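Spelled out, the chains give:
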Amino acid sequence: ESGVILEPNTTTVTILDDDGLMIGFNQTIYSVEEGLNVTVCINATDIDGTLLREVNVTLSSFDVSATTEDYTAIEKNVTFSENETQICLDVMLSDDDILEEDEDFLLILATTDDNINVTLSPNETRVIIMNDDTVTIGFNQSSYNATEGSDTSVEVCTSVLNGILGRNVTVTFFTTDGTATSAVDFPQVVDELTFTPTERQLCHNVSTKIDGDFENDEDFCLNLSQNMSQLESGVILEPNTTTVTILDDDGLMIGFNQTIYSVEEGLNVTVCINATVINGTLLREVNVTLSSFDVSATTEDYTA
């Protein structure tokens, strides 16, 4: 057409992409023993399509109960290339020799890419560092001696014999009968002992009862256990039993019931020997020797 000028004779139409991209962890929780590495995977899913451009997200770690003494902190860019749907990374965990609670930290995804419809889900995962350390708690001695009814009770000590405590540990301390019984010879004990990171030895006074009986030494046991409903992971009880021997201190008096016997020759003389427990009863076998010795009479006059 004469006189028609086309200017501008072109324009650009930009097609705004409305396809959604979902990026997120493939797990919301990872549980790994300390000292190992945890492999964390991030998935990229283009909703109803294919990833045809590069996408960047940021992966960061954040302390919860675990700190960077327990793992290597991470702050890095993660780049998904065209058609890439999963990226896996290793996070290093530290190892120690301390018995402690399981600890955790978070890994979080973020993006500042405003040119793409990105949904971060799940954008957070929790890494649980499982404790693999142990401590050994036990009696300091395999046996103790206690005098019956003594004013000073015997001190029985229990210690953390091996390992390092990073948390409190509670065990049960209790008595069981042996040849000695709690009804007669000692007071029954059931108690809890709580060890802390700063208190590695606990002592308990165990007393005995006076019975006044002349008897053999007797014993009973002291034991350590854990509540079955609240078992302390990583706690070894060894030795978990010790024996307390009660040394009998009761006195026994043995003697003739007369100091002189007068008998006509040709007759027998009956001699009596008495055993008397001072304030008690004779409850065990006792042997004494009876011997004859000449004075003016000889064995021609009596049977030795």
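Overview of the structure. (Residues numbered from 1 in each chain as written. Predicted model: local features only at pLDDT ≥ 70, side-chain atom pairs only at ≥ 80, totals over all residues. Heavy atoms only, no water.)

## Some details on the packing of aromatic side chains
Under the defined criterion, the tally for this structure stands at 3 aromatic pairs. A ring pair is formed by F186 and F220, whose centres lie 3.9 Å apart and whose planes are at 10°; its orientation type is stacked. Here F186 is found in the loop between β15 (169-177) and β16 (190-195), whereas its partner F220 is found in strand β18 (residues 218-225), with 34 residues between them in sequence. Residue classification places F186 among the buried residues on the basis of a relative accessible area of 0%. (Phe/Tyr/Trp six-rings, centres within 6.5 Å; stacked < 30°, edge-to-face > 60°. Helix = DSSP H or I, 4+ residues; strand = E, 2+ residues; numbered from the N terminus. Buried < 20%, exposed > 50% of the residue type's maximum accessible area, 1.4 Å probe, protein only.)

## Let's talk about the pairing of strand β1 (residues 21-25)
β1 sits mainly inside the fold: 4 of its 5 residues count as buried. Where β1 lies against strand β9 (residues 118-120), 3 bridges are found, and the strand directions are parallel. Across the sheet, residue L21 finds its bridge partner in β9, namely V118. (Pairing = 2+ DSSP bridges.)

## Comments concerning the sheet that holds strand β4 (residues 55-63)
Working definition: the strands of a sheet are paired by backbone hydrogen bonds and lie parallel or antiparallel to each other. Taken together, 5 strands build an open sheet; the order of strands is β2-β10-β8-β4-β5 and the sheet is mixed. Pairing within the sheet leaves two strands with one partner each, and these edge strands are β2 (29-33) and β5 (75-80). Across the sheet, the mean angle from the axis of one strand to that of its neighbour is 25°, orientation sign disregarded. (Axes fitted to C-alpha atoms, helices over the stretch in contact; angles between N-to-C directions.)

## As for the environment of S225
In this fold, S225 is placed in strand β18. Through-space distance from the C-alpha of S225 to that of E192 is 9.6 Å; in sequence the pair is 33 residues apart. Ignoring anything within four residues of it in the chain, the contact list for S225 reads V171, T172, F174 and L237. (Contact = heavy atoms within 4.5 Å.)

## Quick look at the state of the cysteines
Counted under the stated rule, the structure contains 2 disulfides. Two residues share a disulfide in this structure: C41 and C88, whose sulfurs sit 2.0 Å from each other. Negative torsions about the S-S bond denote left-handed disulfides, and the value of about 105° found for C41 with C88 makes this one right-handed. Of this pair, C41 sits in strand β3 (residues 37-46) while C88 sits in strand β6 (residues 86-92), and the two are 47 residues apart along the sequence. Residue C88 is classed as partly exposed on the basis of its relative accessible area, which comes to 40%. (Disulfide = S-S within 2.5 Å.)

## Notes on a nonpolar patch on the surface
Side chains of I254, F256, V263, L267, V269, V271, I273, V288 and L290 sit close together on the surface and give an oily, nonpolar patch of about 800 Å² of accessible area. Here V269 shows up in the loop between β21 (252-256) and β22 (273-277). (Patch = residues over 30% accessible without salt bridge, like charges linked within 9 Å, V, L, I, M, F, W, Y side chains within 5 Å. Areas by Shrake-Rupley, 256 points an atom, 1.4 Å probe, with all protein chains shown as cover. Salt bridge = Lys/Arg side-chain N within 4 Å of Asp/Glu carboxyl O.)

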